[in-house]
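Results of the structural survey
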Amino acid sequence: MLGDLIGRNDNRDTGRRVLDAGDGHVVVEVSFEADGSYYGTAVKGFGTYESELRADGSLRGEGQGVDMTADGQSVTWRAHGIGHFTEGGGTSWRGALFFSTASSQLDRLNHIVGVFEYEATPDGKSTGAYYEWK
């Protein structure tokens, strides 16, 4: 069951590269910058994820990144998800997030699993929302 809203973010791709393209097996790496929040605390960050095109046309992905508050507190995260291509040429993702922080203000993140929804457009922009998994 979905719990409290952890936050939302807006991302922009900063780089893309193909890691593997042999025999129809495609793995793409995307790096991005993000503006978002955790429980109302604004953060800026960056991350990288890899997405693999599976035989059935779906996508499997995993990523990692770091977000920083204005006063220098950091949150690292790792994510795993499943996605698919949308009619407009973008992608839609659902998955799980795992956080780590030394911040006393954001310590709540150390004790939860997050679930996310992301929608990405072909021009390298995406929006996401993440919730506590209860």
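Residues numbered from 1 in each chain as written. Predicted model: local features only at pLDDT ≥ 70, side-chain atom pairs only at ≥ 80, totals over all residues. Heavy atoms only, no water.

Below, the discussion takes up the overall build of the chain. Counting its regular elements, the chain contains zero helices and eight strands. Overall, the chain shows an N-to-C arrangement of helices and strands of β-β-β-β-β-β-β-β. The globule rule puts the C-alpha radius of gyration for 134 residues at 14 Å, and the 15 Å found for the chain is close to it. Seen along its three principal axes, the alpha-carbon backbone of the chain occupies a region of about 50 × 30 × 25 Å. Looking at the chain as a whole, 41% of its 134 residues qualify as buried. When contacts within the chain are restricted to residue pairs at least 6 apart in sequence, those whose partners lie at least 24 apart make up 43%. Accessible area of the chain: about 7,600 Å², with a carbon and sulfur share of 54%. Averaging the locations of the 12 positively and 20 negatively charged side chains of the chain gives two centres separated by 3 Å. (Helix = DSSP H or I, 4+ residues; strand = E, 2+ residues; numbered from the N terminus. Rg over C-alpha atoms; globule rule 2.2 N^0.38 Å. Buried < 20%, exposed > 50% of the residue type's maximum accessible area, 1.4 Å probe, protein only. Contact = heavy atoms within 4.5 Å. Areas by Shrake-Rupley, 256 points an atom, 1.4 Å probe, with all protein chains shown as cover. Lys, Arg positive; Asp, Glu negative; His and termini not counted. Charge placed at Lys NZ, Arg CZ, Asp CG, Glu CD.)

Glycine aside, residues mostly have negative phi, and peptide bonds are mostly found in the trans state. At Tyr39, a residue that is not glycine, the phi angle is positive and equals roughly 50°. What makes Tyr39 partly exposed here is its relative accessible area of 24%.

On to the pattern of salt bridges. Considering all chains together, one arrives at eleven salt bridges under this definition. The partner of Asp35 in a salt bridge is Lys44, with the nearest N and O atoms 2.7 Å apart. What makes Lys44 exposed here is its relative accessible area of 56%. (Salt bridge = Lys/Arg side-chain N within 4 Å of Asp/Glu carboxyl O.)

Once that is clear, we can look at the pairing of strand S4 (residues 59–68). Across the two faces of S4 the burial differs, with Leu59, Gly61, Gly63, Gly65 and Asp67 buried and Arg60, Glu62, Gln64, Val66 and Met68 not buried at all. Judged from the ten bridges that link them, strand S3 (residues 41–53) and S4 form a sheet pairing that is antiparallel. Considered in S4, the bridge of Tyr49 is made with Gly63. Taking the residues between adjacent antiparallel strands as the criterion, S3 and S4 are bridged by five residues, where Gly57 takes a positive phi near 90°. Here S4 pairs with strand S5 (residues 74–85) via ten bridges, running antiparallel. The residue bridging Met68 from the neighbouring strand is Ser74, located in S5. (Pairing = 2+ DSSP bridges.)

What follows is about the nonpolar core. Within the largest apolar cluster, 18 residues are counted, with the highest numbers of intra-cluster contacts made by Tyr38, Phe99 and Leu109. Every element with two or more residues in this core is listed here: strand S2 (26–38), S5, strand S6 (91–101) and strand S7 (113–120). (Core = buried A, V, L, I, M, F, W, Y, C linked by side-chain atoms within 4.5 Å.)

The subject of this paragraph is the environment of Thr14. Relative to the assigned elements, Thr14 resides in strand S1 (residues 2–20). Considered as a pair, Thr14 and Glu33 are 19 residues apart in the sequence and their alpha carbons are 6.8 Å apart. Once residues lying within four places of it in the same chain are set aside, the contact partners of Thr14 are Ser31, Phe32 and Glu33.

Further remarks concern the side chain of Asn11. Structurally, Asn11 is set in strand S1. Those residues in contact with Asn11 that lie beyond four places of it in its chain are Phe32, Glu33, Ala34, Tyr118, Gly124, Lys125 and Ser126.

Here Ala102 lies in the loop between S6 and S7. Classification of Ala102 by relative accessible area gives exposed; the value is 82%. Along the backbone, Ala102 and Val27 are 75 residues apart, and their C-alpha atoms lie at a distance of 33 Å.

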